[in-house]
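Descriptive analysis of the structure
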Amino acid sequence: MYTITTEQITNSLPEASVTYLPANWLVSLSPDQPIFTAFYQWLQNTTGKPDLQKVRNTTFIGKSLFKKLVQAERTRLRTHLGYRGDHLDENVAWVLLEYSSATSLGNCYFRDESILTISLSNLKKLKELVDDIFQQKRQQHISRIKAAAEGHNFYTWMIAQTDRPDEVGELARYMELDVFWPGRTDTFEEIKGYLSSQTPKGLFDRELSKAWLEYLQQYPKRSLDTGGVDPAQKQEKRSQGIQAKISSPHWQAV
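Right, let's walk through the structure included here. (Residues numbered from 1 in each chain as written. Predicted model: local features only at pLDDT ≥ 70, side-chain atom pairs only at ≥ 80, totals over all residues. Heavy atoms only, no water.)

Regarding empty space enclosed by the protein
- Taken as a whole and assessed by the stated rule, the structure comprises 1 cavity of 30 Å³ or more.
- In this structure, the largest cavity encloses a volume near 40 Å³.
- K192, L195, S196, T199, P200, K201, G202, L203, F204, D205 and L208 together form the lining of the largest cavity.
- Among the secondary structure elements, those contributing two or more residues to the lining of the largest cavity are helix 9 (188-198) and helix 10 (205-218).
- Ranked by the residues each element gives to the lining of the largest cavity, the list is headed by helix 9, at 3 residues. (1 Å grid on protein atoms, 1.4 Å probe; cavity = no way out; pocket = protein on both sides within 12 Å on 5 of 7 lines; lining within 4 Å. Points joined across faces, edges and corners; volume = space filled by probe spheres on them. Helix = DSSP H or I, 4+ residues; strand = E, 2+ residues; numbered from the N terminus.)

Structural notes on the packing of aromatic side chains
- This model, assessed by the stated rule, comprises 16 aromatic pairs.
- Centroid distance W181 to Y194: 5.1 Å. Interplanar angle 80 degrees. Geometry classified as edge-to-face. Taken together, the residues span a long stretch of sequence, with W181 in the loop between helix 8 (167-177) and helix 9 and Y194 in helix 9 at a distance of 13 residues.
- Using a relative accessible area of 15% as the deciding quantity, one classes Y194 as buried. (Phe/Tyr/Trp six-rings, centres within 6.5 Å; stacked < 30°, edge-to-face > 60°. Buried < 20%, exposed > 50% of the residue type's maximum accessible area, 1.4 Å probe, protein only.)

Thoughts on the nonpolar core
- Judged by nonpolar contacts, the single largest core of 23 residues is most densely connected at L21, F36, F39, Y40 and L69.
- Elements represented by at least two residues in this core include exactly helix 2 (35-47), helix 4 (63-79) and helix 5 (85-99).
- With 7 residues, the single largest contributor to this core is helix 2.
- Counting residues in each nonpolar core, the second largest holds 19 residues, with M158, M175, L195 and A211 among its members. (Core = buried A, V, L, I, M, F, W, Y, C linked by side-chain atoms within 4.5 Å.)

Remarks on the pattern of salt bridges
- A complete count under the given rule lists 9 salt bridges for this structure.
- Salt-bridge contacts for E113 lead to K68; the nearest nitrogen and oxygen are separated by 2.9 Å. Placement of E113 in the loop between strand 5 (108-110) and strand 6 (115-117) and of K68 in helix 4 is noted, with a sequence separation of 45 residues between them.
- The exposure class of E113 is partly exposed, given its relative accessible area of 32%.
- One salt bridge in this structure joins E167 and K210, with 3.9 Å as the shortest N-O distance. With a gap of 43 residues between them, E167 in helix 8 and K210 in helix 10 connect regions that are remote in the sequence.
- For E167, a relative accessible area of 23% puts it in the partly exposed group.
- Taken together, the shared-partner salt bridges connect R164, D166 and E214 into one network. (Salt bridge = Lys/Arg side-chain N within 4 Å of Asp/Glu carboxyl O.)

By themselves, these observations are geometric and do not establish any function.
Below, the structure written as structure tokens:
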């Protein structure tokens with residue numbers, strides 16, 4: 001499962017609402033009432049929804065809050081009702097079985113203590129949104145694993161080139177000395193943008209293009225951020241086109 005934030009939900013579904021338990025809420029409870037019963041009654045009063053079952057069906061709880069509520073119920077069972085050992089564990093297990101689904105949004109969950117509520121009519125939209133987020137996170141996770149399996153990213157590959165006497169080695173030595181170099185960045189445009197922000201315009205353009213082309217030749221499956229067109233290759237083709245134009249009889253005649 002992957003973590004998501006309530007902001008990711010509310011940014012796409014403004015009608016969803018997020019709330020939090022008051023700081024002293026658990027302390028003020030009567031030990032005679034089960035924690036989750038009290039929680040959903042409090043939530044019903046807070047949201048103003050008349051149907052308690054609908055409140056449960058449309059409420060999602062952050063993992064941290066859920067663990068806190070479960071621990072509070074365990075404490076209540078042990079100190080107020082005197083449960084011990086297997087009897088205590090069995091009753092806590094029933095609590096987990098009954099309420100743990102409230103922490104799950106498909107294959108994602110909230111890590112914090114937030115409480116997300118949404119209308120029944122928007123549950124389908126919520127599911128579709130969470131499915132999209134899950135697929136994005138899954139693809140990112142798979143890409144990281146593939147990149148690790150294939151070998152170095154651009155930065156670590158370049159550091160291995162520092163002894164080279166050519167242009168690639170010159171850029172590699174510059175990168176090695178830059179303690180702020182974004183070592184995890186692995187897209188051409190971001191790397192070029194960083195270089196442009198730290199050096200005079202165009203200083204390492206040729207070196208970067210040459211290094212990037214060589215890097216991609218070694219790791220051809222690395223993802224690109226330009227819709228499958230490598231910007232370094234585009235730059236190389238542009239340079240070749242200019243050179244061809246200059247070499248043409250018409251250009252020389254001019």
